[in-house]
Amino acid sequence: MKLFVDTGDVEEVRQAAEWGVLDGVTTNPTLIAKSGKGFRETVLKICELVPDGDVSAEVVATEYDAMLKEAKEISSWHERIVVKVPLIEPGVRLVKALTDQGIRTNATLVFSVPQALLAAKAGATYISNFVGRVDDISGDGMAAVADTVAMIHHYGFESQVLVASIRHPLHVVHALESGADVGTMPFKVMQMLFKHPLTDSGLKRFLDDWHAAGLSIFERTRAGR
Ligand code: E4P
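An account of the accompanying structure is given in this report. (Residues numbered from 1 in each chain as written. Predicted model: local features only at pLDDT ≥ 70, side-chain atom pairs only at ≥ 80, totals over all residues. Heavy atoms only, no water.)

1. What to know about the sheet that holds strand β1 (residues 2-6)
Step number 1: Read around the closed barrel, 8 strands run β1-β2-β3-β4-β5-β6-β7-β8, paired in parallel fashion. Averaged over all pairs of adjacent strands, the angle between their axes in this sheet comes to 25°, without regard to strand direction.
Step number 2: The sheet contact formed by β1 and strand β8 (residues 182-185) spans 4 bridges and is parallel. The partner of Val5 across the bridge, within β8, is Met185.
Step number 3: The sheet strands contacting helix α3 (residues 39-49) are β2 (24-26), β3 (54-58) and β4 (81-86), and the helix crosses β3 at an angle near 165°. (Pairing = 2+ DSSP bridges. Helix = DSSP H or I, 4+ residues; strand = E, 2+ residues; numbered from the N terminus. Axes fitted to C-alpha atoms, helices over the stretch in contact; angles between N-to-C directions. Contact = heavy atoms within 4.5 Å.)

2. Focus: the site of the ligand
Step number 1: What surrounds the ligand is the set Asp6, Thr26, Asn28, Lys84, Phe130, Arg133, Ala164, Ser165 and Arg167.
Step number 2: Here an oxygen atom of the ligand and a side-chain polar atom of Asp6 are 2.9 Å apart.
Step number 3: Contact distances for the ligand include 2.7 Å between an oxygen atom and a side-chain N or O atom of Asn28.
Step number 4: Here the ligand, which alone exposes 350 Å², has 86% of that area covered by the protein.
Step number 5: Its residues assigned to classes, the shell around the ligand shows 2 nonpolar, 3 polar and 4 charged. (Near = heavy atom within 4 Å. Polar contact = N/O pair within 3.5 Å; in protein donor to acceptor, adjacent residues only side chain to side chain. Areas by Shrake-Rupley, 256 points an atom, 1.4 Å probe, with all protein chains shown as cover. Nonpolar A, V, L, I, M, F, W, Y, C, P; charged D, E, K, R; others polar.)

3. Regarding the pairing of β4
Step number 1: Burial runs high along β4: 6 of the 6 residues are buried.
Step number 2: Every second residue of β4 is oriented toward a common face, with Ile81, Val83 and Val85 on one face and Val82, Lys84 and Pro86 on the other, all of them buried.
Step number 3: Here 4 bridges tie β3 to β4, and the two strands are oriented parallel to one another. Residue Val55 lies in a different strand from β4, and its bridge partner there is Ile81.
Step number 4: Regarding topology, helix α4 (residues 64-77) serves as the crossover connection from β3 to the parallel β4, and that connection is right-handed.
Step number 5: As judged from the 4 bridges shared by β4 and strand β5 (residues 105-110), these two strands associate in the parallel manner. (Buried < 20%, exposed > 50% of the residue type's maximum accessible area, 1.4 Å probe, protein only. Right-handed = clockwise from strand over helix to strand, strands pointing away.)

4. What to know about the nonpolar core
Step number 1: Counting residues in hydrophobic clusters, the biggest one holds 55 residues, and the most contacted among them are Val25, Val43, Ile127, Val145 and Val163.
Step number 2: The contact partners of Val25, leaving out residues within four places of it in the chain, are Phe4, Val5, Thr7, Val13, Ile46, Val50, Asp54, Val55 and Ser56.
Step number 3: Membership of the second largest hydrophobic core comes to 7 residues, among which are Phe4, Val82, Leu162 and Val182. (Core = buried A, V, L, I, M, F, W, Y, C linked by side-chain atoms within 4.5 Å.)

5. Considerations on the packing of aromatic side chains
Any pair of aromatic rings gets described here by the distance separating the centres and the angle formed by the planes.
Step number 1: Scanning the entire structure with this criterion turns up 6 aromatic pairs.
Step number 2: Measuring from ring centre to ring centre gives 5.4 Å for Trp19 and Phe187, while their planes differ by 15°; the resulting arrangement is stacked. Of this pair, Trp19 sits in the loop between α1 (10-18) and β2 while Phe187 sits in helix α10 (residues 187-192); the two residues are 168 residues apart in sequence, bridging distant segments of the chain.
Step number 3: The exposure class assigned to Trp19 is partly exposed, which follows from its relative accessible area of 31%.
Step number 4: A relative accessible area of 6% means that Phe187 is categorised as buried.
Step number 5: The interplanar angle of 75° and the centroid separation of 4.8 Å between the aromatic rings of Trp19 and Phe194 together place this pair among those described as edge-to-face. (Phe/Tyr/Trp six-rings, centres within 6.5 Å; stacked < 30°, edge-to-face > 60°.)

6. Structural notes on the side chain of Glu58
Step number 1: Looking at the element boundaries, Glu58 is found in strand β3.
Step number 2: Not counting residues within four places of it along the chain, the set of residues in contact with Glu58 comprises Thr27, Asn28, Pro29, Phe39, Ile74, Lys84 and Thr108.

7. A closer look at helix α9 (residues 169-178)
Step number 1: Along α9, the positions that sit buried rather than exposed are His171, Val172, Ala175 and Ser178. Along α9, the residues classed as buried sweep out an arc of 120° about the axis, all on the same side. Of the exposed residues in α9, the ones pointing more than 90 degrees away from its buried face are Leu176 and Glu177.
Step number 2: At its buried positions, α9 is contacted by α7 (132-136), α8 (141-155), β7 (160-164) and β8.
Step number 3: The positive-phi residue at the C-terminal boundary of α9 is Gly179, with phi of around 85°. (Arc of directions from axis to C-beta.)

8. Digging into the side chain of Thr7
Step number 1: Here Thr7 lies in the loop between β1 and α1.
Step number 2: Separated by 2.9 Å, the side chain of Thr7 and the backbone nitrogen of Asp9 make a polar contact.
Step number 3: If we ignore the near neighbours within four places in the chain, the residues touching Thr7 are Glu12, Val13, Val25, Thr26, Thr27, Leu31 and Ile46.

Now the structure itself:
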């Protein structure tokens, strides 16, 4: 499963990219607004920081012609930009039109299998299935993800299922179990993936024992002997 970071903060992208395990970035209008920087400059900086990854950038119009104009503008900025399109009627139409023109898309705000079916039939490159927002209202967000993955495989659609609105590492585990193609998560959740108390206590014990013995990797004999 590919790991994407969901952020408009270029410093977070820089840090995640340094780990060498980052496959791409998703943004949304809220995240870009929060960054306090311009949309184009932020997205282009992210493209520079993640040289091999796809970067999703979202249209904000809700009427077809205006959405198409925005999509063309956004996709002209960089070859690795994927145009993010909300799953509304003109959005599905837009995904189909952009697909026909060779422009890659990310159908977003997808919460159900029927919505995912429409996105897949329109040719979406990614289908962003939101999990956390469903769990927030006492639903089972991951259920739609698992059913969507099964639907995509059964019917041979080419869309990649992207698990979005991830809130914690258990969502990542469940995304893996579902067979999803991508998980996108806030930087803080990505940092949580490293964490295990036995790693911390185990490392402390190794280093305490090592230093107590006076050992050094760069000396032939034990220090002081
Ligand atoms: C996906 O691409 C969205 O930007 C994102 O995952 C939304 O997450 P949220 O529900 O935490 O805002």
